[in-house]
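Structural characterization, general
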Amino acid sequence: MTEMVYGSAPVRVTEPVLPKWWRTIDKWSMTAVLVLFGIGLLLGLAASVPLAERNGLDPFFYVQRQAIFGGLGIATMIGVSMMPPGMVRRIAVLGFMGALLSLALLPFIGTDFGKGAVRWFSFGFASVQPSEFLKPCFIILTAWLMAAAQDLNGPPGRMISFGLAVTIVLLLAIQPDFGQAALVLFGWGVVYFVAGAPMTLILVILGLVGVASVFAYNTSEHFARRIDGFLSPEVDPRTQLGYATNAIQEGGFFGVGVGEGQVKWSLPDAHTDFIIAVAAEEYGLVLVLCIIALYATIVVRSLLRLMRERDPFIRLAGAGLACIFGVQAMINMGVAVRLLPAKGMTLPFVSYGGSSVIAAGITVGALLAMTRSRPQGEIGDIFARRGR
Amino acid sequence: MIRTPLRPLARILSARAKGENPDAIERENLRLRHEAMRDKARTRAELRLLLLGLAFFMAYGVIGARMGLLAASEPMEPRAAASGAQILSQRADIADRNGRILATNMLTHSLYAHPRDMVDPARVARELAAIFPDMDAAALERRFTDGRSFMWIRKVLSPEQMQKVHEIGDPGLLFGPREMRVYPNGDLAAHVLGGASFGAEGVHSAEVIGTAGIEKALDARLRDPAQAGEPLMLSIDMTIQAAVEEILGAGMQMMNAKGAAAILMDSRTGEILSLASLPDFDPNDRPNPLVKGDPGDSPLFNRAVQGVYELGSTFKIFATAQAMELGLVNADTMVDANAPMQWGKHRIKEFQNKNYGPLLSVTDVIVKSSNVGTARLALQIGGLRQQAFLKSLGFFDPTPLELVEAPGAKPLLPPKWPEIVTITTSYGHGMSASPMHLAAAYATIANGGIAVKPTLLKRDTPAEGVRVLSEPVARASVDMLRQVVTRGTASMAEVEGYAVAGKTGTADKPKRTGGYYKDKVINTFAAMFPADDPRYVLIVTLDEPVNTMGTEPRRTAGWTAVPVAAEIIRRSAPLLGLRPVIELGPPDGITAVRN
C-alpha cells in the first residue's frame with residue numbers, strides 16, 4: 001500500500017535467473033546429456049584416429065575439434081534451456097525462416113563433399129547442414145501452430161504446419177536426404193498425435209504406409225534389395241553392417257579393451273554412423289547398455305514431465321523435440337544391431353560432427369527449456385474444484 | 001452438432017439491461033470454454049504422452065536386448081551371405097553302356113581376391129605370377145590396387161596350385177568350392193560328350209552347364225535333381241570306342257587324310273556303340289571355335305554327325321533294293337549298263353570311263369559299282385518313289401541323335417527333282433547327308449528292313465520301327481553287298497573269321513565356288529557284319545585321303561576307307577562278342593592200323 005500511495009519505483013519480485021534455472025531444470029536429463037557427450041569424446045579417442053590418419057592429421061585432431069564444437073554445443077544447450085518458452089518460440093520461428101531459406105538455397109550454393117547428396121554449406125573451417133537446425137525449429141513452430149489451432153477462432157495451424165512439412169520434405173528429397181525427411185515427418189506426426197489427432201486418421205495413415213511400402217517393394221528394385229538384405233538372416237561380412245555385427249560379437253560383455261578394437265579400421269563411418277559398434281567392441285555391452293539407458297532416461301523422463309504440463313504449446317513442443325531426439329538415437333542403434341534397415345543417421349552428442357552436435361545442443365536445450373518445472377495452476381484446481 | 005454461441009445470450013441481455021459491457025462476459029465465457037477444452041485435451045495428451053514414453057522405453061529395451069544377444073553370441077567365421085537362390089551344382093555322371101564313367105564331377109576350388117584386405121598386393125601379384133605362368137605380375141598388381149573390392153583370379157585350381165596359394169598366406173586371397181566337370185578318359189568320345197562349363201557363378205558354388213554334345217542336348221536331364229544319383233547310360237561301349245578311335249587315327253595318318261569319321265551301330269536297336277570324329281579334342285580343355293576359315297576344319301566339328309557329304313556309290317544299294325522291293329527286278333535281272341549313257345545334255349560315265357556293259361545283272365551293278373546300271377534302275381523307279389523311299393530311310397530330315405549338333409545337320413537336298421537328279425542321286429551325287437544318316441539307312445538293310453532311329457542312349461529292347469523293305473529284299477541286298485567284298489571293289493574288307501558285306505563310295509569334293517575338285521575326294525565305306533545275319537553297321541569316312549603306298553596315288557574308297565574299316569572290324573568284332581567262323585581244313589584221314 002505504501003508504494004501505491006507514495007509511488008515508489010516498482011520492483012518486480014522475481015527469482016534470479018541462474019538459481020531459478022538450477023531449481024527448475026530437469027537435472028537428470030541434463031546430466032545424461034553431459035555424460036553422453038563425455039562418452040562421445042571417449043569413443044572419439046578410439047574411433048576418429050583412423051580417419052585422422054587417413055587424412056594425414058594429428059591422431060587426436062578430431063577429438064580436439066569435437067571437444068571445441070561440443071563445448072559450443074553444450075553452451076548453446078544451457079543457454080537455450082535458460083530461456084522462457086516464449087523466447088524459445090520466438091527465436092525458433094526466426095531460425096526456422098533462416099534455415100528454410102538456406103535449405104532452399106542448397107541446390108545453388110551447397111556442396112556435396114563427393115557423397116552425391118548436396119546437404120552442406122562449406123565455410124572452409126567447418127560445414128553446416130541446414131536440415132539439422134531446421135528440425136528443432138520446425139518442431140517448435142509446428143507445436144505453436146497446433147496449439148494455436150486448438151483455440152476457438154484460432155488459425156488453421158494444422159494445415160499450415162502440414163504444408164510446411166511437405167515443403168521441407170520436398171526440399172530434402174531433392175538433395176536427396178530421405179533420412180532427415182523421414183525424421184521431419186515423424187516429428188510433425190508426433191506433435192499432431194499429442195495434439196489430438198483422430199484415431200481413425202492415424203489408423204488410415206498407418207494402413208496407407210503399409211500399402212505404400214508393399215508397392216515400393218514390388219516396384220523399386222533398390223528398395224527391395226535393401227529390404228531383402230535386411231530380412232535375410234545371414235549378413236554379408238563385407239558390408240558395414242557385417243563389420244558392425246562382428247564388432248558387437250567380438251566385444252562381448254566387457255569389450256576387447258581400450259584401443260584394441262579392429263572395427264574402426266574397417267568402417268569408413270566408424271566415427272559417425274557406426275560409433276556404437278566401436279563402443280561395443282572396445283568397451284563391451286556394459287557401455288552400450290549405459291548409452292541406451294542414457295537416451296532412454298532423457299526421452300522417457302522428458303515425456304513423463306510433459307504429462308504434467310498444462311500449456312499446450314510447451315507440451316507439444318517438448319514432446320516433438322524429445323521424440324526426434326530419441327528416434328534419431330534409436331534408428332542409429334537399431335541399424336547397428338540390424339533391427340532396422342540401413343540408414344545413415346548420427347548418434348546425437350556421441351557421433352563426431354561439428355554442426356550436428358550444435359544442432360543437438362539446440363534441440364536438447366529447447367527440450368530442457370520446455371521440461372522445466374513451473375507452476376501448473378494446481379492450486380487453482382483445488383480452489384475451483386475443477387476436475388483435472 | 002449444435003454450435004454453442006460464444007456469447008451467452010441470456011447473460012448479455014441482462015448485462016445490457018444493467019448497462020454493463022457485454023464484451024467482458026464474452027471474454028469470460030471464452031476463457032471458461034478454453035479451460036474446459038484444455039482440460040479435455042490435456043487428459044488425452046497425457047495418455048498419448050504416456051504411450052509415446054512406453055513406446056520409446058520398449059524400443060530402447062528391444063535394442064538393448066538385441067545388443068545383449070549379439071554380444072552373447074560367438075562371432076562366427078566371416079562367411080558371406082548366400083544371397084538369392086542357391087545354385088544347384090549336382091550334375092549326373094555320364095557312363096558308357098557297361099557303367100564305366102565317361103564324365104563325372106570333381107570337387108575343386110576357385111580362387112578369388114578381396115584386394116582391400118590384401119596385406120602386400122605387390123608380393124601377392126609376384127607370387128601368383130610364379131604359380132600361374134600365364135599371369136602377369138604387373139597387370140595383377142595394377143588390378144589389385146585400383147580400388148576394386150572383389151576379383152576372380154582362377155575359376156578352378158589343382159590341389160597343388162591351391163596349396164601354393166595357401167602358402168602365399170595373404171588374407172586377401174580366398175577360395176570358393178567348385179564342382180567341376182571331369183572327363184577322365186581325355187579325348188575319348190569327345191564329340192559325343194561335347195563339354196561343360198560354368199554358368200551362373202557365385203563365390204560358393206557355380207552352375208555347371210553343358211556347352212556341346214550330349215552334355216548340352218540332355219542338360220536338363222543331367223541337372224534334374226530327381227535323377228542326380230543315376231548316371232546317364234550311353235549306348236557307347238568304351239572299349240570299342242577306344243579301339244575305333246585308335247585305328248581310325250592310324251588309318252587317317254596312313255591314308256594322309258585330313259579328317260575321318262567312324263560310326264559303329266547296332267542295326268536292331270539303333271544304338272551307337274562307337275562314334276568317332278578326327279581330329280578331336282579334350283573336353284576337359286575344350287578349344288575355342290575357329291574364328292576364321294571353314295568351321296568344318298575345327299577339331300570341334302563332328303564329322304560323323306555334322307558333316308554332310310555327297311556319299312557317292314554307297315547310295316547305289318538303295319536304288320537296287322527299291323527296284324527289287326517294287327518288283328521291277330530281281331538280283332539276277334540283266335539291266336542296260338552301256339556306258340557312257342547320254343541323258344539330255346548330260347553324259348553319265350563310269351569310273352575311269354570304263355564300260356561294264358552292255359548288260360549287267362543287278363548284283364553286278366552293285367559289285368562293279370556301275371553308275372549307268374544304277375541310273376537305269378532309278379529311272380524305272382521314278383523320282384517320286386525314289387524320294388519317298390529315301391525319306392523313309394531318314395535322308396530328308398536331321399537325325400534324331402541326342403547331340404546338340406544333330407538337329408543342325410540337315411541333309412542338303414536338290415531344290416527340284418528332275419530326272420537328272422533322280423539319276424545322280426541314285427549313285428550318291430547331288431544330295432548330301434551325314435555319315436549318321438547313312439548308318440541308319442544301312443541298318444535298315446542289315447536288320448531285315450526295319451527303319452531305325454539312331455540313338456546314343458542305352459536301349460534294352462529293339463526299337464520298333466516301320467518296315468521299309470521286305471525281309472527277302474533286305475537279305476538279297478546283304479548278299480549283293482557281301483559279293484562287293486568277295487569279288488568287287490571292297491576286297492580289302494575280307495576279315496578272317498568274319499564275313500563282311502559293304503559298299504564303297506568315292507565322291508569328289510564339291511568346291512565352295514561350285515564344281516568339283518579333281519583330286520579331293522570323300523571316301524566312304526558302309527559295311528555290315530556278320531554277313532550271314534548282319535547285326536552291326538560300320539561307316540568309315542575319310543576326308544581327302546590318298547593312298548600312296550602303291551606306285552600311283554590311289555583315291556578310291558577301296559584303297560583307303562576299306563582297309564581302315566577292315567581293321568576296325570578285325571579289332572571290334574571279338575570285343576562285340578562275335579565268334580569268328582573258323583574254316584576247318586580237311587579232316588585228318590583216319591588210318592586203320594592193325595598191329
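Residues numbered from 1 in each chain as written. Chains lettered and ligands numbered in written order. Predicted model: local features only at pLDDT ≥ 70, side-chain atom pairs only at ≥ 80, totals over all residues.

Stated precisely, the cut-off is as follows: UniProt positions are given in the numbering used here, feature names are shortened, and annotations may be inferred rather than shown by experiment.
Chain B goes by Penicillin-binding protein 2 in an unreviewed UniProt entry, where it is assigned to Aliigemmobacter aestuarii. What UniProt records for chain B under Subcellular location (unreviewed entry) is the sentence "Membrane".

The name given to chain A in an unreviewed UniProt entry is Probable peptidoglycan glycosyltransferase FtsW, with Aliigemmobacter aestuarii as the source organism. UniProt, in the comment section headed Sequence similarities (unreviewed entry), describes chain A in these words: "Belongs to the SEDS family. FtsW subfamily."

Looking at the overall build of chain B
Stated formally: Only DSSP runs of H or I reaching four residues or more are called helices, and only runs of E reaching two or more are called strands; each is numbered from the N terminus. Each residue is classed by its C-beta neighbour count within 10 Å, where at least 20 other C-beta atoms makes it buried, 12 or fewer makes it exposed, and intermediate counts make it partly exposed; the C-beta atoms are placed from backbone geometry. Think of it this way: build a C-beta for each residue from its backbone, and any pair within 7 Å is a contact.
What chain B contains, in helices and strands, is 17 helices and 18 strands. Counting every position in chain B, which comprises 595 residues, the buried fraction comes to 44%. Long-range pairs, those at least 24 residues apart, make up 70% of the contacts in chain B with a sequence separation of at least 6.

Re the nonpolar core
Proteins that are soluble and globular tend to have nonpolar side chains buried together. Heads up, the condition is: By our criterion, buried Ala, Val, Leu, Ile, Met, Phe, Trp, Tyr and Cys residues that link up through C-beta atoms within 7 Å make up a nonpolar core. Note that the domain bounds reflect an automated or database-derived domain assignment.
One finds Ala262, Ala527, Leu538, Ala565 and Ile569 of chain B to be the most contacted residues of the largest nonpolar core, which totals 130 residues. For this core, the element with the highest residue contribution is helix H15 (residues 435–446) of chain B, accounting for nine residues. Built from parts of two domains, this core gets at least three residues from each of domain 1 (94–233) and domain 2 (239–284 + 293–575) of chain B. Residues within four places of isoleucine 569 of chain B in sequence aside, it is in contact with Val495, Tyr498, Val500, Ala527, Phe529 and Leu538 of chain B. Counting 114 residues, the second largest nonpolar core, distinct from the first, contains Ile74 and Val80 of chain A together with Phe56 and Tyr60 of chain B.

Concerning the interface of chain B and chain A
What counts, and what does not: Ten residues, namely Ala, Val, Leu, Ile, Met, Phe, Trp, Tyr, Cys and Pro, are considered nonpolar, four, namely Asp, Glu, Lys and Arg, are considered charged, and the remaining ones, Gly among them, are considered polar.
Each partner contributes residues to the interface: chain B has 37 residues there, and chain A has 49 residues. The residue makeup of the side of chain B that touches chain A, split by class, is 22 nonpolar, six polar and nine charged.

Topic: the sheet that holds strand E16 (residues 501–510) of chain B
All names here are of chain B. Inclusion rule: Think of it this way: DSSP has to see at least two bridges between two strands before they count as a pair. For helices, the fitted line uses only the C-alpha atoms of the stretch in contact; every axis is such a line through C-alpha atoms, and the angle between N-to-C directions lies from 0 to 180 degrees.
An order of E9-E8-E18-E17-E16 is seen for the five strands of this open sheet, with the pairing classed as antiparallel. With one partner strand each, in any of the chains shown, strand E9 (272–278) and E16 form the two edges of the open sheet. Pairwise comparison of adjacent strand axes, ignoring direction, gives a mean angle of 10° for this sheet. Each of E16 and strand E17 (516–529) touches helix H16 (residues 471–487); the most contacted strand, E16, lies at about 75° to it.

With respect to H16 of chain B
Residues and elements named next belong to chain B. Put simply, the test is: The length a helix should cover is 1.5 Å for every residue beyond the first.
The terminal C-alpha atoms of H16, which comprises 17 residues, lie 24 Å apart, in line with the 24 Å expected from a rise of 1.5 Å per residue. Those residues of H16 not exposed but buried are Val473, Ala474, Ala476, Ser477, Val478, Met480, Leu481, Arg482, Val484 and Val485. Here the buried face of H16 lies against helix H10 (316–325), helix H11 (362–367), H15, E16 and E17.

Some thoughts on the confidence of the model for chain B
Low-pLDDT stretches of the model should not have their predicted coordinates read in fine detail. Residue and element names in this part refer to chain B. This is how the line gets drawn: How sure the predictor is of each residue is captured by pLDDT, a score from 0 to 100.
Looking at chain B, pLDDT values average 84 and 95% of them are 70 or higher. Per-residue pLDDT stays below 50 along residues 77–88; that stretch engages in 20 contacts with residues further than four places along the chain or on separate chains. Scored as a complex, the prediction yields pTM 0.55 and ipTM 0.88.

Considering helix H3 (residues 27–47) of chain A
Residue and element names in this part refer to chain A. In plain terms, the rule: Along the arc lie the directions from the helix axis toward the C-beta atoms.
Taking 1.5 Å as the rise per residue, H3 with 21 residues should run 30 Å; its terminal C-alpha atoms sit 29 Å apart, in good agreement. Within H3, burial applies to Ser29, Ala32, Val33, Leu36, Phe37, Ile39, Gly40, Leu43, Gly44, Ala46 and Ala47. All buried residues of H3 fall inside an arc of 165° around its axis, so they share one side. Taken together, the buried residues of H3 touch helix H4 (49–54), helix H5 (61–82), helix H13 (263–266), helix H14 (275–307) and helix H16 (354–371).

Comments concerning the pairing of strand E18 (residues 536–543) of chain B
All names here are of chain B. Judged by how many residues are buried, E18 sits mostly within the fold: eight of eight residues are covered. Taking every second residue as pointing to the same face, both faces of E18 are buried, with Tyr536, Leu538, Val540 and Leu542 on one and Val537, Ile539, Thr541 and Asp543 on the other. As paired strands, strand E8 (residues 259–266) and E18 are joined by eight bridges and run antiparallel to one another. Of the residues in E18, the one forming a bridge with isoleucine 263 is isoleucine 539. With eight bridges connecting them, E17 and E18 associate as antiparallel partners. Looking at the pairing, isoleucine 522 lines up with aspartate 543 of E18. Counted along the chain from E17 to the antiparallel partner E18, the turn is six residues long.

Regarding the UniProt feature "transmembrane region" (unreviewed entry) in chain B
Within the UniProt annotation, "transmembrane region" (unreviewed entry) is assigned to residues 47–69 of chain B. Annotated as 100% helix and 0% strand, the span residues 47–69 of chain B places its first and last C-alpha atoms 32 Å apart.

Side note on the packing of helix H6 (residues 85–109) of chain A against H16 of chain A
All names here are of chain A. Spelled out, the test is: Just so you know how the angles are binned, under 35 degrees is roughly parallel, over 145 roughly antiparallel, 65 to 115 roughly perpendicular, and the rest oblique. Two helices that cross are described as forming a left-handed crossing if the nearer one is turned anticlockwise from the farther one by less than a right angle, and a right-handed crossing if clockwise.
Running from N to C, H6 and H16 point in directions that differ by 150°, and their axes come no closer than 9 Å. Taken together, the axis directions place H6 and H16 in an arrangement best described as roughly antiparallel. The two elements H6 and H16 cross, and the hand of that crossing is left-handed. On the side of H6, the interface is formed by Pro85, Val88 and Ala92, while H16 contributes Ala366, Ala369 and Met370. Broken down by class, the residue content of the contact of H6 with H16 amounts to six nonpolar, no polar and no charged.

Concerning unusual backbone geometry
All names here are of chain B. Going from leucine 278 to proline 279, the amide bond is cis rather than trans, its omega being -5°. The topology assignment puts proline 279 in the loop between E9 and strand E10 (309–310). Proline 530 follows phenylalanine 529 through a cis peptide bond whose omega is -15°. Inspection of the secondary structure assignment puts proline 530 in the loop between E17 and E18.

So, the environment of proline 435 of chain B
All names here are of chain B. Within the secondary structure, proline 435 sits in helix H15. A tally of 29 C-beta atoms within 10 Å means that proline 435 is categorised as buried. Here the alpha-carbon distance between proline 435 and tyrosine 309, two residues 126 residues apart in the chain, equals 7.8 Å. Each residue touching proline 435, except ones within four places of it in the same chain, is listed here: Ala261, Ile263, Ala304, Gly307, Ile539 and Thr541.

What to know about the environment of valine 182 of chain B
All names here are of chain B. Relative to the assigned elements, valine 182 resides in strand E4 (residues 173–182). The class of valine 182 is partly exposed, set by 16 C-beta atoms lying within 10 Å. Taking the C-alpha atoms as reference, valine 182 lies 5.6 Å from asparagine 105; in sequence the two are 77 residues apart. When neighbours within four sequence positions are excluded, valine 182 is seen to be in contact with Thr104, Asn105, Met106 and Asn284.

Comments concerning the packing of H14 of chain A against helix H2 (residues 22–72) of chain B
Two elements in contact, H14 of chain A and H2 of chain B, have axes whose closest approach is 9 Å; the angle formed by their N-to-C orientations is 175°. With respect to their mutual orientation, H14 of chain A and H2 of chain B come out roughly antiparallel.

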